[in-house]
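Summary of structural features
So you can see what is in the structure, the chains are spelled out below.
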Amino acid sequence: MQNKEIINKCKEASRLLDSYNIPATITLLDSLAKERQDYKISDELNHLRETYKYMAEYMVSGGVDPSRPNVYNDIIEKLRSIADHIGRDVVSIDSADSYSETFRYQRLAGEHLESLLSKYSSIISELQLAHAAGNEAAEIYKRIEELHSSIFNTVWVSLDERSIVDMATDAVISNRYGDWLPAHIISALTLSLNGYYDRQKLLALIKIYQNDISERLSARALVGIILSLARHPERSRADKEIASRLSFMEDSLIDYSRIREVIMTLIRTRDTDRISTKMKDEVLPEIMKLQPDILKKFREASPDTSEGSGFEINPEWEEMLEKSGLTEKMRELSDMQSDGADLMMVAFSNLKQFPFFNSVSNWFLPFFPFHSAIASGEKERNIVGKLMEMGKNVCDSDKYSLAIALRKMPEMQKDMMISQFDAQFSQLSEELKEKALQSSAPEFDEEVTKVVRDLYRFFRLYRKKQGFNDPFSSPLAFLDIPYIGDMMADSEIVALVAEFYFSRKYYQEALSLFNLLLEDNAEDPALWEKAGACYQSMKFYEKSLECFTKAELLKTPGTWLIGSLAFVNKKQGNFSKAYEYYCRLLEKDPEKLSLILNAAYCALEAGEINQALKHYYHANYIEPENLKIFRAIAWSEFLNKEFEKSEKYYNKILAISQESSDFLNAGHLYAAKGDLRKALELYKKSSSGNYNEFRNAFLQDISILQGLGLDGNSLHILVDYIGLEK
């Protein structure tokens, strides 16, 4: 049987289990196991077949068995795991993805986790002795790095190997291996669960979290738990042991606060792509465009910038930034950063091309300053030491990026960077302290931010990311996460997330949450307004109008709601109603041109031509040279059969414009006046660019012209006559 066929059979097994067809699944998987001569799996399938048979016979005989649902779910889960095993082993035979390559290498290396952990323990002792004796430890650190990679990879590519999971869990909980290895192992468990479901690994993360070894390890484990539950909702939901373990979190305020922090951090990560795009497409190009002018003014304003020269920032620079719109963009980005947005992604994304990042394990390696890839001079160590203190703002993979880049930097640039770094570090340190004071659990919160950012960078920037399931590729449906969703279903969290999405213009995500809030808060006009705004932004105008109308019934509408009602009524073709709302807005702001023009348009469409003209002439008074207003007056007077007034404005228009539509409309005017020769002259000018477009536009206007008394047949002949001359 070909590998592709085996993989398809594994997928078929999963579909059979979705429809609860256990006998057919066992038969299918047994045929695959025998094809591959995997007698261990065949024996396990025979055992499951017998267990299922005995359970069914006992039920049919009338036996009462309270554990039957658990046994049934356990059989389904074991069958899913077997299908995963077979599929994983087949894919890994010749696939070029990172998981398969690592799996093949680890299988060939054949080194057990127990042996690797023993070596790690020995080498930590050796390192301590070297430090005590004041000896060089570079070679020891190099061996530690290699062991880190081997241990991470062993845990990552294992599947349903309880002994490995138990040893890995013990390594984290025991406190025998320092700070770096436990954090690295937790990341390996998280990355593994992102690919294949392994209940033992999920239980291990729960055990690590509930042991509460440290704030940082608990944070790392909780991120892994939540992402794993979101990745495998059905399988984790059916597991009673997982439900039992997580149920202890339901009544804990500490757990609630921690889960909320993880959820909000994952949700805020949704904004990273938008920020990165804004930086690349708007901010950086604008800076590059302004750079020559700024440098010129810098030289003109301050020929002597040496120390003590009294150099001050030139106010003209601020004016230049304001005019360019750059100041506003930077202010927006600054506000996003205050809300926890990741502004570092753009800065560090280009520093992920170093060979260091070819290794999957290195993306999750806790930062330590003696890594062999990092520059080792005194200057660099000074910066690396400060990087260690930067905590929340810089995740570990970004610290490695900067530290490695320092090693490759020319001395002059390095000195410049170090001086800038020294100048800004004290300010940054104060900002970090201030942020820490705002949090009830700063160490936990900082670690959550760092872990999520490391994960985000890996899934977005790793050169062979195609083989991975990106948990950030779609919005986090946090209410659908097993167990966690129930804990986060209170209105405070839902409202917080809804407001975040709404403020960031993720209207589809915000709408589902506003609708959920409305189920229990149907008398809240603000919720109806925001739901309506979401529908409006998504161009579902009928639903938007429903929401705005309900809000209007619940409160005295303000300017924003009246304007929204005017707009969606206009979009729905309710022009009389829209006109009423625009008139209400004009009572408060009678000189606002956009309101005047909208009111005029709606009045015209509602057949109130005289009212429309009143508004258009008002607009003409405000902006006497506006071509669009000329067109509106000319057309309205034409519809009102005031042909002389219409002609006056078409003469103004044609003195300025050579647009096809202007010639067409002016032609209609002369046709209505009975001057067919003049009309024909203008129609020919209108059709000179594209006759077919002219013809379509003309035919659309025939009903209007007939309403003004023109003969339909004559009009059709006229448009055909123009076409005959082409």
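Residues numbered from 1 in each chain as written. Predicted model: local features only at pLDDT ≥ 70, side-chain atom pairs only at ≥ 80, totals over all residues. Heavy atoms only, no water.

Considerations on the overall build of the protein chain
A tally of regular secondary structure across the protein chain gives 37 helices and zero strands. Put simply, the protein chain has 726 residues, and 48% of those count as buried. Pairs at least 24 apart in sequence give 64% of the contacts found in the protein chain among residues at least 6 apart. (Helix = DSSP H or I, 4+ residues; strand = E, 2+ residues; numbered from the N terminus. Buried < 20%, exposed > 50% of the residue type's maximum accessible area, 1.4 Å probe, protein only. Contact = heavy atoms within 4.5 Å.)

Some thoughts on the packing of aromatic side chains
Here the structure, examined in full by the defined rule, presents 39 aromatic pairs. One cation-aromatic arrangement involves R270 over Y506; the distance from NZ or CZ to the ring centre is 4.3 Å. Above the plane of the ring of Y670 lies K678, whose end atom (NZ or CZ) is 5.8 Å from the centre. (Phe/Tyr/Trp six-rings, centres within 6.5 Å; stacked < 30°, edge-to-face > 60°. Lys NZ or Arg CZ within 6 Å of the ring centre and 35° of its normal.)

Structural notes on the packing of helix α1 (residues 3-18) against helix α4 (residues 68-91)
Where α1 contacts α4, the axes come no closer than 9 Å and their chain directions differ by 165°. As judged from the angle between their axes, α1 and α4 are roughly antiparallel. Between α1 and α4 lies a crossing of left-handed hand. Contact residues: N3, I6, I7, C10, A13, S14, L17 and D18 in α1; I76, L79, R80, A83, I86, G87, V90 and V91 in α4. The class makeup of the residues in the contact of α1 with α4 is 11 nonpolar, three polar and two charged. (Axes fitted to C-alpha atoms, helices over the stretch in contact; angles between N-to-C directions. Parallel < 35°, antiparallel > 145°, perpendicular 65-115°, else oblique. Left-handed = near helix turned anticlockwise from the far one by under 90°. Nonpolar A, V, L, I, M, F, W, Y, C, P; charged D, E, K, R; others polar.)

Re the nonpolar core
By size, the foremost hydrophobic cluster in this structure holds 175 residues, and its most contacted members are I263 and F478. Leave out the neighbours within four places in its chain, and I263 touches I226, L476, F478, I481, I484 and M488. Formed by 21 residues, the second largest nonpolar core is a distinct cluster that contains I22, L28, A33 and I82. (Core = buried A, V, L, I, M, F, W, Y, C linked by side-chain atoms within 4.5 Å.)

Some words on the pattern of salt bridges
According to the stated counting rule, one finds 46 salt bridges in the structure shown. With a shortest N-O distance of 2.8 Å, D84 and R235 are connected by a salt bridge. A residue pair is termed long-range when its members are at least 10 positions apart, and D84 in helix α4 and R235 in helix α12 (residues 233-237) qualify at 151 residues. The class of D84 is buried, set by a relative accessible area of 17%. (Salt bridge = Lys/Arg side-chain N within 4 Å of Asp/Glu carboxyl O.)

A look at unusual backbone geometry
Among all residues save glycine, negative phi is the norm, and among peptide bonds the norm is trans. Unusually for a residue other than glycine, Q37 sits at a positive phi of about 55°. Note on placement: Q37 falls in the loop between α2 (22-35) and α3 (39-60). For Q37, a relative accessible area of 55% corresponds to the exposed category. Of note, K539 is a non-glycine position whose phi angle comes to about 70°, a positive value. Tracing the backbone shows K539 in the loop between α26 (525-537) and α27 (541-554). A residue is classified by how much of its surface remains accessible, and K539, at 62% relative accessible area, is exposed.

Section: helix α6 (residues 113-133)
Here α6 is 21 residues long and its end C-alpha atoms lie 30 Å apart, about the 30 Å a rise of 1.5 Å per residue gives. Restricting attention to buried positions, one finds in α6 the residues L113, L116, L117, Y120, I123, I124, L127 and A130. All buried residues of α6 project into a common sector of 135° when viewed along the axis, lining one side. Turned more than 90 degrees away from the buried face of α6 sit E114, Q128, L129, A132 and A133, all of them exposed. The inward-facing, buried residues of α6 abut α7 (138-157), α8 (162-173) and α9 (180-195). Remark: G134 follows α6 within two positions and exhibits a positive phi of approximately 70°. (Expected span 1.5 Å × (residues − 1). Arc of directions from axis to C-beta.)

What about helix α22 (residues 442-461)?
With 20 residues, α22 extends 28 Å from end C-alpha to end C-alpha; this agrees with the ideal 28 Å at 1.5 Å per step. Extensive coverage of α22 is indicated by the burial of 17 of its 20 residues.

Here's the deal with the environment of S218
For S218, the position within the fold is in helix α11 (residues 215-231). You can call S218 buried: its relative accessible area is 0%. Sequence separation of S218 and F444 is 226 residues, and the distance between their C-alpha atoms is 7.5 Å. With sequence-adjacent residues up to four places away left out, S218 is seen in contact with Y209, D212, I213, R258 and F444. One polar contact links the side chain of S218 to the main-chain carbonyl oxygen of S214, over a distance of 3.0 Å. (Polar contact = N/O pair within 3.5 Å; in protein donor to acceptor, adjacent residues only side chain to side chain.)

Thoughts on the packing of helix α30 (residues 593-605) against helix α32 (residues 627-639)
Following both chains from N to C, one finds α30 and α32 inclined at 25°, their axes separated by 12 Å at the closest point. Relative to α32, the element α30 is oriented roughly parallel. Crossing of α30 over α32 shows left-handed handedness. Here α30 contributes L593, L597 and L604 to the contact with α32, which in turn contributes I629, W635, S636 and L639. Split by residue class, the contact of α30 with α32 holds six nonpolar, one polar and no charged.

Details of the environment of G195
Tracing the sequence through the fold places G195 in helix α9. In this structure the C-alpha to C-alpha distance between G195 and R88, which are 107 residues apart in sequence, comes to 10.0 Å. Contact partners of G195, with chain neighbours within four places excluded, come to R231, H232 and N469.

Some details on the environment of M264
Take M264: it is sitting in helix α14 (residues 253-268). Among the residues examined, M264 registers a relative accessible area of 7% and is labelled buried. Among residues more than four places away in sequence, those in contact with M264 are L496 and V497.

Examining the side chain of S92
With respect to the secondary-structure elements, S92 resides in the loop between α4 and α5 (98-109). Setting aside anything within four residues of it in sequence, one finds S92 in contact with Y99, S100, F103 and R104.

What to know about the side chain of D30
Here D30 lies in helix α2. Once residues lying within four places of it in the same chain are set aside, the contact partners of D30 are S42, L45 and R49.

A closer look at the confidence of the model for the protein chain
Caution is warranted with low-pLDDT regions, since their predicted coordinates should not be read in detail. Averaged over the protein chain, the pLDDT score is 87; the fraction of residues at 70 or greater is 85%. Across residues 301-314, where pLDDT falls below 50, the model places nine contacts with residues more than four positions away in sequence or in other chains. (pLDDT = per-residue confidence, 0-100.)

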